[in-house]
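A closer look at the structure
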Amino acid sequence: MRIFQKQVKQLSDEELMKLLSKGNQRAFDEIYLRYSDVLFGYFMKMLARDKEKCEDMVHDLFAKIIRKPDYFNVNRSFRTWVFSVACNMCKNEYKRMSVRKHVSNDFEPTKSLQAESDTLKKVQESTFSESFYKALNALDEKHKNVFALRHFEGLSMKEIAETLEINEGTVKSRLFYATKTLAKELKEFNPIYNQ
């Protein structure tokens, strides 16, 4: 059994998905190990750090994978495909949230300033983090998506283009706009502006 586990760990994501489509539980376990934390982090950044909602989103995404593994095209990169699915899930959640907006605003940043934060550095880091996520959540969906995929998930321009099904020039343009907007919103934290 250990020999097979080592073999599963050495397989590419795409090979694991082929095995998963044949009902192989170990292949699913390995895909889950590789991507559950990464996807949770992505959802946390995209959905205003709502931990319970993000855990549900990860669960739902993997439930889709296990129910319909043949939706994945084995000629495509699994990584870009799974982020495409995650992006679409976020878009659907944004739509649901806009319908419920009058009831609650899920995009308000969580207060991360803790009572025990007694040093100036912790207060500054917390203030920056809160301001950063507030500015990030103020971006429209297309700019926020590109920024998160590039800077939080480390996808290349090409991978982002494939994930969002847009051309690389559009990715670069959206990334430039998002970065410029965030820099403007967060200029109070830049020592160059505070001299």
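Figured I'd write up the structure that's included with this text.

Calculation notes
Residues numbered from 1 in each chain as written. Predicted model: local features only at pLDDT ≥ 70, side-chain atom pairs only at ≥ 80, totals over all residues. Heavy atoms only, no water. Helix = DSSP H or I, 4+ residues; strand = E, 2+ residues; numbered from the N terminus. Contact = heavy atoms within 4.5 Å. Areas by Shrake-Rupley, 256 points an atom, 1.4 Å probe, with all protein chains shown as cover. Patch = residues over 30% accessible without salt bridge, like charges linked within 9 Å, V, L, I, M, F, W, Y side chains within 5 Å. Salt bridge = Lys/Arg side-chain N within 4 Å of Asp/Glu carboxyl O. Lys, Arg positive; Asp, Glu negative; His and termini not counted. Charge placed at Lys NZ, Arg CZ, Asp CG, Glu CD. Buried < 20%, exposed > 50% of the residue type's maximum accessible area, 1.4 Å probe, protein only. Core = buried A, V, L, I, M, F, W, Y, C linked by side-chain atoms within 4.5 Å. Arc of directions from axis to C-beta. Axes fitted to C-alpha atoms, helices over the stretch in contact; angles between N-to-C directions. Parallel < 35°, antiparallel > 145°, perpendicular 65-115°, else oblique. Nonpolar A, V, L, I, M, F, W, Y, C, P; charged D, E, K, R; others polar.

1. Some details on the overall build of the protein
On a plain count of helices and strands, the protein comes out with nine helices and zero strands. Secondary structure elements in the protein, listed N-terminal to C-terminal, are α-α-α-α-α-α-α-α-α. If you take every contact in the protein between residues at least 6 apart in sequence, the share linking residues at least 24 apart comes to 59%. When the accessible surface of the protein is totalled, it reaches about 12,100 Å², and 51% of it is carbon and sulfur.

2. Some words on a negative patch on the surface
Side chains of Glu52, Glu55, Asp56 and Asp60 sit close together on the surface and give a patch of like negative charge. Looking at where Asp60 falls in the secondary structure, it is placed in helix H4 (residues 51-67). The exposure class assigned to Asp60 is partly exposed, which follows from its relative accessible area of 34%.

3. A word on the nonpolar core
Across soluble globular proteins, nonpolar side chains have a tendency to be buried as a group. In terms of nonpolar packing, the biggest core is built from 49 residues, with Leu39, Tyr42, Phe43, Leu61, Ile65, Phe78 and Val82 touching the most fellow members. For this core, the elements supplying multiple residues, two or more each, are helix H2 (13-21), helix H3 (25-46), H4, helix H5 (78-99), helix H6 (120-138), helix H7 (141-152), helix H8 (157-164) and helix H9 (168-185). A per-element tally of this core places H5 first, with 10 residues. The residues contacting Phe78, other than those within four sequence positions of it, are Asp13, Glu14, Met17, Ile31, Tyr35, Ile65 and Phe72.

4. A word on the pattern of salt bridges
For the structure shown, the criterion picks out four salt bridges. Residue Lys9 is joined to Glu30 by a salt bridge in which the shortest nitrogen-to-oxygen separation is 3.6 Å. Taken together, the positions of Lys9 in helix H1 (residues 2-10) and Glu30 in helix H3 put the pair 21 residues apart, joining distant regions of the chain. By relative accessible area, which is 9% here, Glu30 ends up buried. Here Glu30 makes a salt bridge to Arg34, at a shortest N to O gap of 3.0 Å. On the criterion of helical spacing, the pair formed by Glu30 and Arg34 is a turn pair, its members being four residues apart in helix H3.

5. Here's the deal with H8
Residues Ile160, Ala161, Thr163 and Leu164 constitute the buried set of H8. One side of H8 carries all its buried residues, which in axial view fall inside an arc of 165 degrees.

6. Comments concerning unusual backbone geometry
A positive phi angle, close to 55 degrees, is found at Glu165, a residue other than glycine. Inspection of the secondary structure puts Glu165 in the loop between H8 and H9.

7. Side note on the packing of H7 against H9
For the pair H7 and H9, interaxial distance at closest approach is 8 Å and the crossing angle is 95 degrees. Relative to H9, the element H7 is oriented roughly perpendicular. Contact residues: H7 offers Lys142, His143, Val146, Phe147, Arg150 and His151, while H9 offers Val171, Arg174, Leu175, Tyr177, Ala178, Thr179 and Leu182. Each residue belonging to the contact of H7 with H9 can be placed in one class, and the counts come to seven nonpolar, three polar and three charged.

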